[in-house]
Every structure is written in C-alpha cells, then in structure tokens.
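# A look at the structure
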Amino acid sequence: MKKLVFLTGAGISAESGISTFRDSDGLWERHRIEDVASIEGWHRNPELVNDFYNKRRTQLSECEPNAAHQIIAELENLFDVTVITQNVDNLHEKAGSSRVIHLHGELTKACSENQKGYVTDIGFREIVFGEKAPDGHLLRPFIVWFGEEVPLMEFAMTEVESADYLVIIGTSLNVYPAAGLYHYAKPGIPIWLIDPNETQPVNKHVKIIREKATKGMDILKKELIND
Ligand code: NAD
C-alpha cells in the first residue's frame, strides 16, 4: 500500500463547528492567543487558562466529525494513512482514523504541570482548578503551548519523509515547527493543499485546492483514486 500522510490544522474542524485559531478578529474564542495558548499565559493566570480549555472540552463533546474527517478515515481501505494534526480535538479518531499524531496535545487528556510524562485520559470532564496529579503537582491541560517543546516533532518528520503522497488541510502554516513539516517530503511526491483562503506561500509543486475541507477532500479523493 502507498503511504498517504495528512497534515491537518484547525480549518478541517471548522465545518464541525469548532472555530479556528485566528478567526478574522485575530482572537481565539475572544481571547488573545498569548493569554490562552502560551506557557507564559499559563504562568500568569493558570485559572483562566484552565477554564478556557474546560470550555473547549465541553464544546468538543457536542461536535461531530465532518465529511473531510470521514473521507480521511475511509481512505485507510486504499492507503497506509497517517494523520499528523495540530488540532487538539478528537474528531479524526471519532471519524475512525487509526493512526493520528497530535503534535499540539489533546483536549481529552491532562498532565502534571511538573512531569509532562504523566498523562491521563479525562474524557470531556472539567479539570477542577487546583486538582493535583499523583506527583503532587497541579494537573493541567495536555496541550503544547507556545514556548514549549513539541515532543512528537521528530516522529512526525519521519512520517512525512516516508510519504508517497502528502495532503495539507486547513492550516495557515503560521505555527512553527509544525508549519515546516512539509519540507521533509521526498522530492517529487505529489503534495496538495486544501484551504478556502490564502495561506503562507508554499512552493510551486504544491497543488492548491481552494475549497473548504469537505468539498476539497471530495475532489482530492477522486484525484487519488484516479492516480
Ligand atoms: P489557523 O487558525 O492558524 O488556520 C486555520 C486555517 O484553516 C486557515 O488557513 C483558514 O483559511 C483555514 N480554514 C478555515 N475554514 C476552513 C475550512 N472550512 N476548510 C479548510 N480550511 C479552512 O490554524 P492552524 O494552522 O491549525 O494553527 C494552529 C493552532 O491552533 C494549533 O496549534 C492548534 O492546536 C490550535 N487550534 C486547534 C483547534 C482544534 O483542535 N480544532 C481549533 C483552534 C485552534
């Protein structure tokens, strides 16, 4: 089977009702990104940050995968599929994808503030601010914030390096190091980018499908099957 790798961002979940990172007002759900998505923001006001992710988790519990997530899962019948996502939602898994790498963490998990190695499933429940991990440190959302290392980055690079096809969907390509991942693709492999809006420039070999994720994935599926 040929290896098909997807790099997905917030845009793939937009049609499921989850807003993207920088909607037109430059804010994420009415908060400044520095306040709710950086390690400095957490140190400044952990209670606010904890509450922000509690709300995102509750919101996620009411969201369903859309046709784009579903087509990606169905493509496992034809390809060896890996999904590398910047998303913290669980919609790829809910659609049935079996190999998903979450570069920026997962809303349905919590970790110790001290030891990010301690990770626990919490489903859709709230983290009560002040709750402790078994090591006695504060339990925090399992999210990779700006200013923190991206532990799965090397693993993701090797996945991209071994891809036969690469598809980038719904990412502004603004958040590094994730945005640089596509550069690790073998020279000459087909690369598509699906996004209804302009993103950061990509090289001329990338075929752009200027559509929302659901329509774009429908077009891409036909192209892949005909290839
Ligand atoms: P981003 O908000 O910077 O960019 C979103 C991109 O999606 C834009 O290029 C936009 O044009 C595009 N888009 C909007 N609607 C779309 C649609 N219907 N179909 C396809 N594309 C669409 O997002 P990013 O590049 O993923 O940056 C990321 C950070 O935001 C990540 O670190 C992630 O953890 C966090 N985040 C995650 C979620 C989520 O888990 N669903 C939501 C918001 C933010």
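Report on the accompanying structure. None of these values were measured; they are calculated from a predicted model. (Residues numbered from 1 in each chain as written. Predicted model: local features only at pLDDT ≥ 70, side-chain atom pairs only at ≥ 80, totals over all residues. Heavy atoms only, no water.)

### Concerning the sheet that holds strand β4 (residues 105–112)
What counts, and what does not: Here, strands pair whenever DSSP counts at least two bridges between them. Secondary structure elements are taken from DSSP: a helix is a run of H or I of four residues or more, a strand is a run of E of two residues or more, and numbering for both begins at the N terminus. Here the axes come from fitting lines to C-alpha atoms, over the contacting stretch only for helices, and the angles between their N-to-C directions go from 0 to 180 degrees. Any two residues whose heavy atoms approach within 4.5 Å are treated as being in contact.
Read across the open sheet, the three strands follow the order β5-β4-β6; overall the sheet is antiparallel. Each of the sheet's edge strands pairs with one partner strand only, and the pair in question is β5 (119–121) and β6 (139–143). Pairwise comparison of adjacent strand axes, ignoring direction, gives a mean angle of 45 degrees for this sheet. The pairing of β4 with β6 spans four bridges and is classified as antiparallel. Residue pairing across strands places Cys-111 opposite Arg-140, the latter belonging to β6. Of the strands in this sheet, β4 and β6 touch helix α3 (residues 46–61), which is tilted by about 140 degrees from β4.

### Section: the pattern of salt bridges
The criterion, for reference: Salt bridges are defined as contacts in which a side-chain nitrogen from Lys or Arg sits within 4 Å of a carboxyl oxygen from Asp or Glu. Each residue gets one of three labels from its accessible area relative to the maximum for its type: buried under 20%, exposed over 50%, partly exposed in between, using a 1.4 Å probe on protein chains only.
For the coordinates displayed, the defined rule picks out 15 salt bridges. Where Lys-3 meets Glu-159, a salt bridge forms, and the shortest distance between an N and an O atom there is 2.7 Å. Highlighted residues: Lys-3 in strand β1 (residues 3–8) and Glu-159 in helix α6 (residues 153–161), separated in sequence by 156 residues. Since its relative accessible area comes to 6%, Glu-159 is described here as buried. For the salt bridge of Lys-222 with Asp-218, the shortest nitrogen-to-oxygen distance reads 3.1 Å. Taken together, the positions of Lys-222 and Asp-218, both in helix α7 (residues 213–226) and four residues apart, correspond to about one turn of that helix.

### Comments concerning the packing of helix α4 (residues 67–74) against α7
Between two packed helices, the angle of one axis relative to the other and the distance separating the axes together describe the packing. Threshold: An angle below 35 degrees is treated as roughly parallel, one above 145 as roughly antiparallel, one from 65 to 115 as roughly perpendicular, and anything else as oblique. Under this grouping Gly is polar, as are all residues other than the nonpolar Ala, Val, Leu, Ile, Met, Phe, Trp, Tyr, Cys and Pro and the charged Asp, Glu, Lys and Arg.
At a minimum axis distance of 7 Å, the contact between α4 and α7 shows a crossing angle of 30 degrees. As far as their axial angle goes, α7 and α4 are roughly parallel. Together, Ala-67, Ala-68, Ile-71, Ile-72 and Glu-74 of α4 and Ala-213, Thr-214, Met-217, Asp-218 and Lys-221 of α7 make up the contact between the two elements. Residue classes in the contact of α4 with α7 are distributed as six nonpolar, one polar and three charged.

### Observations concerning the pairing of strand β7 (residues 165–169)
Across the five residues of β7, five count as buried, placing the element largely inside the fold. Every second residue of β7 is oriented toward a common face, with Tyr-165, Val-167 and Ile-169 on one face and Leu-166 and Ile-168 on the other, all of them buried. Pairing of β1 with β7, which is carried by five bridges, proceeds in the parallel orientation. Opposite Leu-4, over in β7, you have Tyr-165 as the bridge partner. As judged from the four bridges shared by β7 and strand β8 (residues 191–194), these two strands associate in the parallel manner. What sits directly across from Ile-169, in β8, is Ile-194.

### A look at unusual backbone geometry
Following Tyr-176, the chain continues to Pro-177 via a peptide bond in cis, the omega torsion being 5 degrees. If you trace the backbone, Pro-177 turns up in the loop between β7 and β8. Of note in the backbone geometry, Leu-173 takes a positive phi value of approximately 60 degrees without being a glycine. On the secondary structure map, Leu-173 appears in the loop between β7 and β8. Looking at Leu-173, the relative accessible area reads 6%, which means it is buried.

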